[in-house]
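Coordinate analysis (summary)
The chain contents come next:
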Amino acid sequence: MSERRLTGLAARVDALVPSPDDFRSDLRGPRTAARVGAWLGVAFGVCFLTGLYSHFLQHPVAGLPLPTGPSRLYQVTQGLHVASGTAAVPLILVKLWSVFPRLVERPPLDPRRLALHLLERGSVLLLVGAGVFQLVTGLANSAQWYPWSFGFISAHYAMAWVAIGSVVVHVAVKLPVVREAFGAPLETRPATPGAPSRRTLLRTTWLSAAVAVVATTSVGVPGLRRVAVLAVRSGEGPQGVPVNRSAVGAQVVDVIDDPGWRLRVTGPDGMVELSLEDLRAMPQREAVLPIACVEGWSADGTWGGVSVLDVVARVGGTAQDDVVVRSLQARGGYRESTLPAAWVGEPDSLLALTLGGEPLHPDHGYPCRLIAPARPGVLQTKWLGEVEVVRA
Ligand SMILES: Nc1nc2c(c(=O)[nH]1)N[C@H]1C(S)=C(S)[C@@H](COP(=O)(O)O)O[C@H]1N2
Ligand SMILES: [Mo]
């Protein structure tokens, strides 16, 4: 290789390695990082709070009361959870890009400064690691893709605390830099014709976050389904409601077709077995309630059936008791759920027999399913065989 070529190559390599000067003069740096970071912080905060709410609904803690309404509450919070997580993807990418020169910076040689430097780098590593872990596992879960061997729920929950904790530490450590970045004018150099400005970069970032949100979550908004190109559910399904686990998938096709099907109800006063005719002969109630899946999709249905309270009252159950419902499904994680007493007292907590005025489609839980307001979809157990009153 000629000497000229070598020098040319060296110059090119040099241009790739950012100097502190580049850090100040290009679109990267604190002004960009602080602004994108602020929105990323908001996204992580919303994601954390809505995730915590979803967690406590699924893992109730005695003495922690949760609201049983409005019926759309979980639909809204879980929609926000998936939307803020999705918006965080372009935000975290731009954020990492904006601070990239710092990530590859040479550590200082002075031992005291080195210690501080390593501490700060370590906290950033934890933040980036936990943040990326949450976004990747969350998105993969929405797509029902589990390319790992650990339990999603416990790992996603534990890492949420690591992520939010390192966000708080990071914001606290960076507060002076953030203040200065927001105080300084957005643009540092006169606009060069044709060159992108920081304003353009930020606007493009907000736009990509918005597009990501709309493309994943608008499946739940009637009329917007066709733009939900990234959604994991089409929004279509029998009786106008999507299906997560079908009757075939749950291997319940034979048992639910059994004409001898009875709902076994047990409580303090004993046990009764109710046929479909028995249930249809009881006072019927109709309620418009959403199925709101943890994956972010949701769909409304007009459900008809009997109030849980009316059924458990037959065996001495009251609105002070928890009620466990069990599916005819033999295997699978969502065969059983507990309806806490607060929901048992809600007249709209139904053992549903119909959807849209028609008997339930097998995929929606025929002959009988649980549906209650403001609950995660995973707790709306289908193909019921047993209802048990549990007195505290
Ligand atoms: N027995 C049983 N019930 C179940 C499930 C299941 O796998 N088995 N999946 C749950 C999940 S994750 C959701 S989102 C809702 C979906 O109800 P749908 O199929 O009627 O829309 O059912 C819930 N009920
Ligand atoms: Mo679900």
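Each remark here, short or long, concerns the structure printed above.
Our subject in this report is the structure included herewith. (Residues numbered from 1 in each chain as written. Chains lettered and ligands numbered in written order. Predicted model: local features only at pLDDT ≥ 70, side-chain atom pairs only at ≥ 80, totals over all residues. Heavy atoms only, no water.)

Observations regarding the overall build of the protein chain
Secondary structure assignment for the protein chain yields twelve helices and ten strands. By principal-axis analysis of the C-alpha atoms, the protein chain measures approximately 90 × 45 × 40 Å. Buried residues in the protein chain amount to 43% of all 392 residues. Counting every atom, the protein chain has about 20800 Å² of accessible surface; 62% of that belongs to carbon and sulfur. A distance of 13 Å separates the average location of the 36 positive side-chain charges in the protein chain from that of its 31 negative side-chain charges. (Helix = DSSP H or I, 4+ residues; strand = E, 2+ residues; numbered from the N terminus. Buried < 20%, exposed > 50% of the residue type's maximum accessible area, 1.4 Å probe, protein only. Areas by Shrake-Rupley, 256 points an atom, 1.4 Å probe, with all protein chains shown as cover. Lys, Arg positive; Asp, Glu negative; His and termini not counted. Charge placed at Lys NZ, Arg CZ, Asp CG, Glu CD.)

A few points about the side chain of Ser298
Mapped onto the elements of the fold, Ser298 is located in strand β4 (residues 298-307). What makes Ser298 buried here is its relative accessible area of 9%. Reaching out from Ser298, the side chain makes a polar contact with the side chain of Gln75 at a distance of 3.0 Å. (Polar contact = N/O pair within 3.5 Å; in protein donor to acceptor, adjacent residues only side chain to side chain.)

What to know about the site of ligand 1
As a matter of local geometry, ligand 1 sits amid 20 residues, with Pro242, Gln329, His364, Arg369 and Lys382 nearest to it. With respect to ligand 1, the side chain of His364 contributes an N or O atom lying 2.6 Å from an oxygen atom. In the environment of ligand 1, an oxygen atom lies 2.6 Å from a nitrogen or oxygen atom belonging to the side chain of Arg369. If ligand 1 stood free it would expose 540 Å²; the protein chains cover 98% of that surface. Considering only residue class, the shell around ligand 1 consists of nine nonpolar, seven polar and four charged. (Near = heavy atom within 4 Å. Nonpolar A, V, L, I, M, F, W, Y, C, P; charged D, E, K, R; others polar.)

What about the sheet that holds strand β5 (residues 322-327)?
With mixed pairing, five strands are arranged side by side in an open sheet as β2-β1-β10-β5-β6. Across the chains shown, the open sheet's two edge strands, defined by having one partner strand only, are β2 (270-274) and β6 (336-339). Sheet twist, expressed as the mean angle between neighbouring strand axes with direction ignored, is 15°. (Pairing = 2+ DSSP bridges. Axes fitted to C-alpha atoms, helices over the stretch in contact; angles between N-to-C directions.)

Remarks on a nonpolar patch on the surface
On the surface, a cluster of nonpolar side chains totalling about 300 Å² of accessible area is made up of Trp39, Val42 and Trp206. Secondary-structure assignment places Trp39 in helix α3 (residues 30-58). (Patch = residues over 30% accessible without salt bridge, like charges linked within 9 Å, V, L, I, M, F, W, Y side chains within 5 Å. Salt bridge = Lys/Arg side-chain N within 4 Å of Asp/Glu carboxyl O.)

Overview of the nonpolar core
Note on soluble globular proteins: their nonpolar side chains tend to be buried together. Leu263, Leu279, Val311, Val323, Leu339, Leu351 and Val387 are the most contacted members of the largest nonpolar core, which totals 29 residues. Of all the secondary structure elements, the ones that give two or more residues to this core are α3, β1 (263-267), α10 (276-281), α11 (308-313), β5, α12 (341-344), β7 (350-355) and β10 (384-390). Two domains each donate at least three residues to this core, and these are domain 1 (3-227) and domain 2 (253-390). Residue contacts for Val323: discarding those within four places in its chain leaves Val308, Val312, Ser337, Thr338, Leu339, Val344, Val387 and Glu388. With 15 residues, the next largest nonpolar core counts Phe44, Ala88, Ile92 and Leu135 among its residues. (Core = buried A, V, L, I, M, F, W, Y, C linked by side-chain atoms within 4.5 Å. Domains from an automatic or database assignment. Contact = heavy atoms within 4.5 Å.)

Description of unusual backbone geometry
Residue Gly69 is joined to Pro70 through a cis peptide bond whose omega torsion reads 0°. Within the secondary structure layout, Pro70 lies in the loop between α3 and α4 (73-98). Each neighbour pair has its own omega, and for Tyr366 with Pro367 the value is 5°, a cis peptide bond. Along the chain, Pro367 turns up in the loop between β8 (358-359) and β9 (369-371). Here the phi dihedral of Gln239 falls at roughly 55°; this positive angle occurs in a residue that is not glycine. Along the polypeptide, Gln239 turns up in the loop between α8 (198-217) and α9 (253-256). Its identity as a non-glycine residue notwithstanding, Trp383 has a phi of 55°, on the positive side. Relative to the assigned elements, Trp383 resides in the loop between β9 and β10. The exposure class assigned to Trp383 is buried, which follows from its relative accessible area of 1%.

Focus: the packing of α3 against α8
Here α3 crosses α8 at 20°, and the two axes come no closer than 11 Å. One element, α3, and the other, α8, form an angle in the roughly parallel class. Read as a crossing pair, α3 and α8 show a hand that is right-handed. Mapping the contact onto sequence places Arg31, Thr32, Arg35, Val36 and Trp39 in α3 and Arg198, Leu201, Leu202 and Trp206 in α8. Residue composition of the contact of α3 with α8, grouped by class: five nonpolar, one polar and three charged. (Parallel < 35°, antiparallel > 145°, perpendicular 65-115°, else oblique. Left-handed = near helix turned anticlockwise from the far one by under 90°.)

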